[in-house]
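Working through the structure, step by step
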Amino acid sequence: MTFNTFIRSIIAGIFIIISGYCYGVIRILSKGTLDTFYPAAKWWAQSILSICKVKLSCTISAEAPQQAIYIANHVSLADTPIMISILPEKTRIMYKSELDNAPGIGIVLRRSPYIAVHRKSVRKAALSIVEARNAIQNGDSIMLFPEGTWSEKPGDLLPFKLGAFSLSKNENIPIIPMVIVGTENIIHKDSIFIHSGTVHVTIYPAMYPQLFDKAETMREACRNIIQNELQQHYT
């Protein structure tokens, strides 16, 4: 780790903590309104990338529908700010509930429209799916990492959980597969330091549920798209 990486990480960490607590105070004073959350979240994510000199590029294969379930591979802590910076407003990200206790960012997440997933409780995990379904019915989009956790190494892809694809079939909402490449070099596994570098996101055309006979078939098709793209970059 270089000295510049250390300094940038410290500055980014201070920014995350201070901005998090400031947002919490603003939410309290504004009596809970979410009107400013999405643009503020996008500004926050893009600011972190700027502070840490992370360059982001996107390849978009087709115009996205107004509402969708976005899915992507997951290999780093950096994946989430990358997603926040590029996803349209009113996209509710599903995240692991352990982040609710993180300094600064925890208070933001607890007061955000994002959806906490409690992986250690079957009942609470089921409630997260219900919340996601309600969000879709209210016109919001959803973003999640269908592996449920980080891959062991870049290019690997864990089995996909069925939740996103069942939601797609049940609510008749398309899924948009995305492939993230490069975040493993921005925040290394088991590290909190943020390195400069380049991240590329490929956004594929929407996959419509009526084209698949069941959720399992849709899951396999989406996973194959992401796996094939990863193999091009890492083999």
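A brief structural summary. Every value quoted in this text rests on a predicted model; they were computed, and no experiment measured them.

1. Notes on the nonpolar core
- Counting 38 residues, the largest nonpolar core has M83, Y114, M143, M178 and V201 as the members making the most contacts within it.
- Elements represented by at least two residues in this core include exactly α1 (3-29), α2 (37-51), β2 (69-72), α3 (79-86), β3 (91-96), α4 (105-110), β6 (175-181) and β7 (197-203).
- No other element matches α2, which puts seven residues into this core.
- Beyond its immediate sequence surroundings of up to four residues, M143 is in contact with Y70, I71, A72, M83, L87, T91, R92, I93, M94 and M178.
- Judged by nonpolar contacts, the second largest core, of 27 residues, contains A132, A135, F160 and F165.

2. Concerning the pairing of β3
- Extensive coverage of β3 is indicated by the burial of five of its six residues.
- Examined bridge by bridge, β3 and strand β5 (residues 141-144) share three bridges and lie parallel to one another. Looking at β5, one finds that R92 is bridged to I142.
- Pairing geometry for β3 and strand β4 (residues 115-117), over three bridges, is parallel. Bridge pairing in β4 links M94 to I115.

3. Here we look at the state of the cysteines
- A full pass over the atoms with the stated rule returns zero disulfides.
- The structure places no disulfide on C52, whose sulfur is separated from the nearest cysteine sulfur, that of C58, by 18 Å.
- Of all cysteine sulfurs in the structure, the one in C58 sits closest to C222, which takes part in no disulfide; the separation is 19 Å.
- For C222, a relative accessible area of 0% gives the class buried.

4. Things to note about the packing of aromatic side chains
- Evaluation of the coordinates by the stated rule reveals five aromatic pairs.
- Taking 5.6 Å as the distance between ring centres and 65° as the angle between the ring planes, the aromatic pair formed by F15 and W43 counts as edge-to-face. Linking F15 in helix α1 with W43 in helix α2, this pair joins segments that are 28 residues apart in sequence.
- Classification of F15 as buried rests on a relative accessible area of 18%.
- With a relative accessible area of 51%, W43 lands in the exposed category.
- Between F37 and Y38, the aromatic rings sit 5.4 Å apart at their centres with planes inclined by 80°, giving edge-to-face as the arrangement. For the pair F37 and Y38, a shared accessibility class is recorded, and that class is buried.
- Three or more aromatic residues joined by ring pairs make a cluster, and in this case those are F37, Y38 and Y114.
- The ring of W150 has K96 sitting right over it, with the charged end atom 5.5 Å from the ring centre.

5. What about the side chain of T91?
- Position of T91 among the secondary structure elements: in strand β3.
- The exposure class of T91 is buried, given its relative accessible area of 2%.
- Side-chain polar atoms of T91 contact the backbone oxygen of P88, separated by 2.8 Å.
- Dropping the residues within four chain positions of it, T91 is found in contact with Y38, Y70, Y114, S141, I142 and M143.

6. Digging into the environment of S57
- Its place among the elements puts S57 in strand β1 (residues 54-60).
- With a relative accessible area of 30%, S57 lands in the partly exposed category.
- For the pair S57 and V199, spaced 142 residues apart in sequence, the C-alpha separation works out to 6.4 Å.
- Contacts of S57, omitting those with residues within four sequence positions, involve V199, H200 and V201.
- A distance of 2.7 Å separates polar atoms of two side chains, one belonging to S57 and the other to H200.

Rules of the game
Residues numbered from 1 in each chain as written. Predicted model: local features only at pLDDT ≥ 70, side-chain atom pairs only at ≥ 80, totals over all residues. Heavy atoms only, no water. Core = buried A, V, L, I, M, F, W, Y, C linked by side-chain atoms within 4.5 Å. Buried < 20%, exposed > 50% of the residue type's maximum accessible area, 1.4 Å probe, protein only. Helix = DSSP H or I, 4+ residues; strand = E, 2+ residues; numbered from the N terminus. Contact = heavy atoms within 4.5 Å. Pairing = 2+ DSSP bridges. Disulfide = S-S within 2.5 Å. Phe/Tyr/Trp six-rings, centres within 6.5 Å; stacked < 30°, edge-to-face > 60°. Lys NZ or Arg CZ within 6 Å of the ring centre and 35° of its normal. Polar contact = N/O pair within 3.5 Å; in protein donor to acceptor, adjacent residues only side chain to side chain.

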